[in-house]
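# Summary of structural features
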Amino acid sequence: MANAMLQQTVGGTLQLLSNSRTHCNVGNRSVRLLPKGFKLEVEFSKRGIYSSGKRKFNVIQASTSQTSVVGPLLAPSSSDTVDSHMKSNEVALILIRHGESLWNEKNLFTGCADVPLTNKGVEEAIEAGHRISNIPVDMIYTSSLIRAQMTAMLAMTRHRRKKVPIILHNEDERARAWSKIYSEDTIEQSIPVITSWKLNERMYGELQGLNKQETADKFGHEKVHEWRRSYDIPPPNGESLEMCAERAVAYFRDNIEPQLLSGKNILISAHGNSLRSIIMYLDKLTSQEVITLELSTGIPMLYIFKEGKFIRRGSPVAPTEAGVYAYTRRLAQYRQKLDDMLT
Ligand SMILES: O=C(O)[C@@H](CO)OP(=O)(O)O
């Protein structure tokens, strides 16, 4: 097909293997220099002349949908990416509790106090990043607290796809306008990070800042255990797990689930209790079962979302075949594409 003008119809796709570094144009738009040996799948969803190196494709028959080019190095910001593509009806959902914070270290009730990570927490976040380095991530959700945001950002520094996580500022019109990015290419190489207080840790009320051991000594171990691990008994002026679940699960259902349904692979970096609430929803745990659920800091948990169901895959132990990628063919294929792209 070299040098020939090929006729394609709208809606068709074509796999191209570049035999030299190739500049690919989609319509009038220059897309990217492709590395040698890179496989590119072009989806012709818009009429126009397409070219890849010396190859030209005339796409006939109009369509209102957007043109998209699909490839590991070429993921556009739309939902049509290899990382998130609807061709497969399964996507990855990764949950990470933040790494150790300075108040975890000091054994203080933290709740919504905004405390950063310790050195150990930083290392845990980086290790979490290694474990998920071959799992596709198209969008990141974090709480509004720095320990969850640090964890997500540090973890993503290890990701092999090397997209840049960028926090979206949607708080008002000006924040949106002032953080706008004007290069489509740069947007394509970014991962939107959405922050919400609704994913915050359970608000611990008058226990925030108190030492857990001293509080147990003062009020009795049983009482403190009830505050910390019962389902519906709130600590003084704070949230019970049930109250925390109301806002965290509602946020998950209203905002995150629609993204999963549209084919996005998602990472959520949040907190012990906001994640326990979400896991209760995903795993359909009873209020009795959730009270025994404990989450360690910095350990990623993988779910596959398929046909409207959440399938728990546990924690990736290491970025190896045995550790994670044997789980689904799609994850194995994604890793293979990263290998092809990066070797
Ligand atoms: O202090 C907190 O905010 C939480 C999580 O660290 O503590 P607990 O173990 O009681 O859920």
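What you are looking at is a predicted structure, and each value in this text was computed from that prediction instead of being measured.

About the cut-offs
- Residues numbered from 1 in each chain as written.
- Predicted model: local features only at pLDDT ≥ 70, side-chain atom pairs only at ≥ 80, totals over all residues.
- Heavy atoms only, no water.
- Helix = DSSP H or I, 4+ residues; strand = E, 2+ residues; numbered from the N terminus.
- Buried < 20%, exposed > 50% of the residue type's maximum accessible area, 1.4 Å probe, protein only.
- Contact = heavy atoms within 4.5 Å.
- Areas by Shrake-Rupley, 256 points an atom, 1.4 Å probe, with all protein chains shown as cover.
- Near = heavy atom within 4 Å.
- Polar contact = N/O pair within 3.5 Å; in protein donor to acceptor, adjacent residues only side chain to side chain.
- Nonpolar A, V, L, I, M, F, W, Y, C, P; charged D, E, K, R; others polar.
- Core = buried A, V, L, I, M, F, W, Y, C linked by side-chain atoms within 4.5 Å.
- Salt bridge = Lys/Arg side-chain N within 4 Å of Asp/Glu carboxyl O.
- Phe/Tyr/Trp six-rings, centres within 6.5 Å; stacked < 30°, edge-to-face > 60°.
- Pairing = 2+ DSSP bridges.
- Axes fitted to C-alpha atoms, helices over the stretch in contact; angles between N-to-C directions.

### Overview of the overall build of the chain
Per the secondary structure count, the chain includes 12 helices and 15 strands. Buried positions account for 50% of the 343 residues belonging to the chain. Of the contacts formed within the chain by residues at least 6 apart in sequence, a portion of 72% connects residues at least 24 apart. Accessible surface, the chain: about 16,300 Å² in total, of which carbon and sulfur atoms supply 52%.

### Side note on the environment of Ile278
With respect to the helices, strands and loops of the structure, Ile278 is situated in helix α9 (residues 272–282). Each C-alpha atom, one on Ile278 and one on Phe219, is 29 Å from the other, the two residues being 59 residues apart in sequence. Dropping the residues within four chain positions of it, Ile278 is found in contact with Leu199, Ala248, Val249 and Phe252.

### Quick notes on the site of the ligand
Residues in contact with the ligand, as listed here, are Arg97, Asn104, Leu108, Phe109, Thr110, Gly111, Glu201, Tyr204, Lys212, Arg228, Arg229 and Asn273. At a separation of 2.7 Å, an oxygen atom of the ligand approaches a polar backbone atom of Gly111. One nitrogen or oxygen atom from the side chain of Tyr204 is found 2.5 Å from an oxygen atom belonging to the ligand. For the ligand, whose unbound accessible area comes to 310 Å², protein coverage reaches 94%. Residues of the shell around the ligand, tallied by class, amount to 3 nonpolar, 4 polar and 5 charged.

### Comments concerning the nonpolar core
If you look at the biggest cluster of nonpolar residues, it comprises 29 residues, and the most contacted ones within it are Leu93, Leu95, Tyr141, Phe252, Leu260 and Ile268. Looking at this core, the elements with two or more residues in it are β9 (90–97), β10 (139–142), α8 (241–261), β13 (266–270), α9 and β14 (300–306). When residues of this core are assigned to their parent elements, the largest contribution, 6 residues, is made by α8. The residues contacting Leu260, other than those within four sequence positions of it, are Val91, Ala92, Leu93, Phe252, Ile266, Phe305 and Phe310.

### Quick look at the side chain of Glu90
Relative to the helices and strands, Glu90 resides in strand β9. Owing to a relative accessible area of 9%, Glu90 belongs among the buried residues under this scheme. Residues contacting Glu90, with those up to four places away along its chain left out, are Ile304, Phe305, Lys306, Thr328 and Arg330.

### Digging into the pattern of salt bridges
Scanning all chains against the criterion turns up 10 salt bridges. Arg176 serves as the salt-bridge partner of Glu173, at 3.1 Å between the closest nitrogen and oxygen. Here the residue Glu173 and the residue Arg176 both occupy positions in helix α4 (residues 173–178), the gap between them amounting to 3 residues, near one helical turn. Classification of Glu173 as exposed rests on a relative accessible area of 57%. Taking the relative accessible area as the measure of exposure, Arg176 reaches 36% and is therefore partly exposed. Asp283 serves as the salt-bridge partner of Arg312, at 2.8 Å between the closest nitrogen and oxygen.

### Some thoughts on the packing of aromatic side chains
Inspection of the entire model under this criterion finds 6 aromatic pairs. Where Phe252 meets Phe310, the ring centres are 5.8 Å apart and the plane angle is 55°; that geometry is what we call tilted. Residue Phe252 is found in helix α8, and its partner Phe310 is found in strand β15 (residues 309–314); the two are separated by 58 residues along the sequence. Of the residues examined, Phe252 reaches a relative accessible area of 0% and is grouped as buried. For Phe310, a relative accessible area of 15% corresponds to the buried category. Residues Phe305 and Phe310 carry aromatic rings whose centres are separated by 4.6 Å and whose planes lie at 35° to one another, so their mutual orientation is tilted. We note that Phe305, like Phe310, is buried.

### Digging into the environment of Ser296
For Ser296, the position within the fold is in the loop between α10 (287–290) and β14. The exposure class assigned to Ser296 is partly exposed, which follows from its relative accessible area of 47%. Spatially, the C-alpha atom of Ser296 lies 9.1 Å from that of Ile96, the residues being 200 residues apart in sequence.

### A few points about the sheet that holds strand β11 (residues 164–167)
Pairing in this open sheet of 7 strands is mixed, and the strands run β11-β12-β10-β13-β9-β14-β15 from one edge to the other. Lying at the two open borders of the sheet, with one neighbouring strand each, are β11 and β15. When strand polarity is set aside, the average angle formed by the axes of neighbouring strands in this sheet is 25°. Inspection of the sheet shows β14 paired to β15 by 5 bridges, in the antiparallel sense. Note on β15: the bridge partner recorded for Lys306 is Lys309. Against the sheet, α9 engages β9, β13, β14 and β15, with an angle of about 150° to β9.

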